[in-house]
Amino acid sequence: MHFATRAVHSGQHPEETTGAVMPPIFMTSTYAQEAPGVIKGYDYTRAGNPNFGDLERLLAGMEGGEHATVFSSGLGAVTALMSTLKAGDRVVCCHGIYGGSYRLFTKVFQRFGLNFSFVHPHEVEEALKTPCQLLFFETPTNPLLEIADIAALCSSARAAGVRSVVDNTFATPYFQNPLALGADVVLHSTTKYLGGHSDVIGGALITNDAELKKELDFARMAIGLNPSPFDTWLTLRGAKTLAVRMERHAKNASAVADFLQRHPMVKRVYYPGLTTHKAHEIARKQMRGYSGIVSVEFNLDLQEAKELVSSFKVFTLAESLGGIESLVCHPASMTHASIPKEERERYGLGDGLMRFSVGIEDHRDLVEDIEVALEMYAKV
Ligand SMILES: *Cc1c(COP(=O)(O)O)cnc(C)c1O
């Protein structure tokens, strides 16, 4: 079946006792047992809940995978994954991964004896020559929308006997399916496009490896990484419309990127759909569309950039991304403020950089919003 159909129906069935088309929310912590240990599949919600299963089957169907496990957050999913390793193990990570993943690796798991090597995608093959257990990367990255070649990196990992994990949050399963390109595990922060409405935090891992699925379910139960049944129900509700939302996100993002590219105050636009993007050819090969995030470097100093980012009418100044409403953020003073200026600039995160999470509003209003806000600087 095609994606939009799978996104609505994968693993979904009317509820058995009433025929309810939408699943009820099983807000229960525990389940009655007929005799000690005689249960109907569930004993305690930290270990499992029907609402988790509903979302897991849908997400697995969307990514073309056999198994999914859902978590309380994207970082909960990363925690579960890291808990499958042991002290002394080594993880190769590509630069540009989500800041929270970087913090979790360097500030938490490093203290537990895991080793992390941060490299550029072209250095992965070399890095895999030193014994390691996991390759972890993200494409497109945040906020510079850099593209890594999934098939190439995962094939290097496979050749080295290393498990590969791709954070597919930015592309979504609508536009990119890492498992089909050779990845062993796909990671999602379902907080973003999958939930899609900025009203719930969640995470998921999808894999074809049945043994790993058991380990991840164990980690969720043993560490306490379970989501709320209500949260997974909400995420399921959002995820079913992924196909229609992503079409609009991508169309609007492309309109915003085109407009920005022609604006005299713009130094540089980052959007993988632009033919001027340095890895557009790889993006075109592995993605079916370019998703809804556009980053742009304006010819503005720090103060001007902070003013501009606060002056939009339709784009709300906020962290996060992937909801139906348009958001804008200023990495230099928000998500990446803790990195010293020189270092930030070395990564390409200048004071004039802004990241737009382009929503599903009418693209004409979005372009106009940016155009009007920029006029403030045209006079000086
Ligand atoms: C938000 C995000 C995460 C972390 O997910 P949470 O749900 O916030 O824990 C991981 N990776 C990427 C790419 C993200 O955007």
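Scroll up to find the structure this text is about.
Residues numbered from 1 in each chain as written. Predicted model: local features only at pLDDT ≥ 70, side-chain atom pairs only at ≥ 80, totals over all residues. Heavy atoms only, no water.

(A) Spatial organisation of the overall build of the chain. Scanning the chain from N- to C-terminus turns up 14 helices and 12 strands. Scaling as 2.2 N^0.38, a compact globule of 380 residues should have a C-alpha radius of gyration of about 21 Å, and the chain matches this with 21 Å. Projected onto the principal axes, the alpha-carbon positions of the chain cover approximately 80 × 50 × 35 Å. When burial is assessed residue by residue, the chain has 53% of its 380 residues classed as buried. Looking at the chain alone, contacts between residues at least 24 apart form 73% of all its contacts between residues at least 6 apart. As presented, the chain carries roughly 17,000 Å² of accessible surface, and 54% of it is formed by carbon and sulfur atoms. Distance between charge centroids for the chain: 1 Å, based on 36 positive and 43 negative side chains. (Helix = DSSP H or I, 4+ residues; strand = E, 2+ residues; numbered from the N terminus. Rg over C-alpha atoms; globule rule 2.2 N^0.38 Å. Buried < 20%, exposed > 50% of the residue type's maximum accessible area, 1.4 Å probe, protein only. Contact = heavy atoms within 4.5 Å. Areas by Shrake-Rupley, 256 points an atom, 1.4 Å probe, with all protein chains shown as cover. Lys, Arg positive; Asp, Glu negative; His and termini not counted. Charge placed at Lys NZ, Arg CZ, Asp CG, Glu CD.)

(B) Summary view of the pairing of strand 2 (residues 90-94). Where burial is concerned, most of strand 2 is hidden: 5 out of the 5 residues are buried. Pairing geometry for strand 2 and strand 3 (residues 115-119), over 5 bridges, is parallel. Within strand 3, the residue paired with V92 across the bridge is S117. Following the backbone out of strand 2, through helix 4 (residues 99-108) and into the adjacent parallel strand 3, one traces a crossover that is right-handed. As paired strands, strand 2 and strand 4 (residues 134-138) are joined by 3 bridges and run parallel to one another. For C93, the partnering residue across the bridge sits in strand 4 and is F136. (Pairing = 2+ DSSP bridges. Right-handed = clockwise from strand over helix to strand, strands pointing away.)

(C) Structural context of the site of the ligand. Looking at the ligand, there are 13 residues lining it, with G74, D167, S189, T191 and K192 nearest. At 2.9 Å from an oxygen atom of the ligand is found a main-chain nitrogen or oxygen belonging to G74. Note that an oxygen atom of the ligand is positioned 2.8 Å from one of the side-chain N or O atoms of S189. In isolation the ligand has 380 Å² of accessible area, and contact with the protein removes 94% of it. When grouped by side-chain class, the residues that make up the shell around the ligand number 4 nonpolar, 6 polar and 3 charged. (Near = heavy atom within 4 Å. Polar contact = N/O pair within 3.5 Å; in protein donor to acceptor, adjacent residues only side chain to side chain. Nonpolar A, V, L, I, M, F, W, Y, C, P; charged D, E, K, R; others polar.)

(D) Expanded view of the nonpolar core. Judged by nonpolar contacts, the single largest core of 67 residues is most densely connected at L260, F298, L308, F312, M354, F356 and I370. At 9 residues, the largest contribution of residues to this core is made by helix 10 (residues 242-261). Residue contacts for F298: discarding those within four places in its chain leaves L260, M265, V266, K267, L308, G352, M354, F356 and L374. (Core = buried A, V, L, I, M, F, W, Y, C linked by side-chain atoms within 4.5 Å.)

(E) Expanded view of helix 4. Taken as a whole, helix 4 has its buried residues at G100, S101, L104 and F105. For helix 4, the buried positions fall inside an angular range of 140° around the axis, keeping them on one side. The exposed residues of helix 4 that point more than 90 degrees off its buried face are R103 and K107. Taken together, the buried residues of helix 4 touch helix 3 (74-82), strand 2, strand 3 and strand 4. (Arc of directions from axis to C-beta.)

(F) Local environment of the pattern of salt bridges. If you walk through the whole model with that rule in mind, you get 17 salt bridges. Note that K213 and E56 form a salt bridge whose closest N and O atoms lie 3.6 Å from each other. Of this pair, K213 sits in helix 8 (residues 210-223) while E56 sits in helix 2 (residues 50-63), placing them 157 residues apart in sequence. For the pair shown, K213 and E56 are each scored as buried. A salt bridge links K129 to E126; the shortest N-O distance between them is 3.1 Å. Using a relative accessible area of 61% as the deciding quantity, one classes K129 as exposed. We classify E126 as exposed; its relative accessible area is 52%. What emerges from the salt-bridge pattern is a single network uniting E56, K213, D217 and R220. (Salt bridge = Lys/Arg side-chain N within 4 Å of Asp/Glu carboxyl O.)

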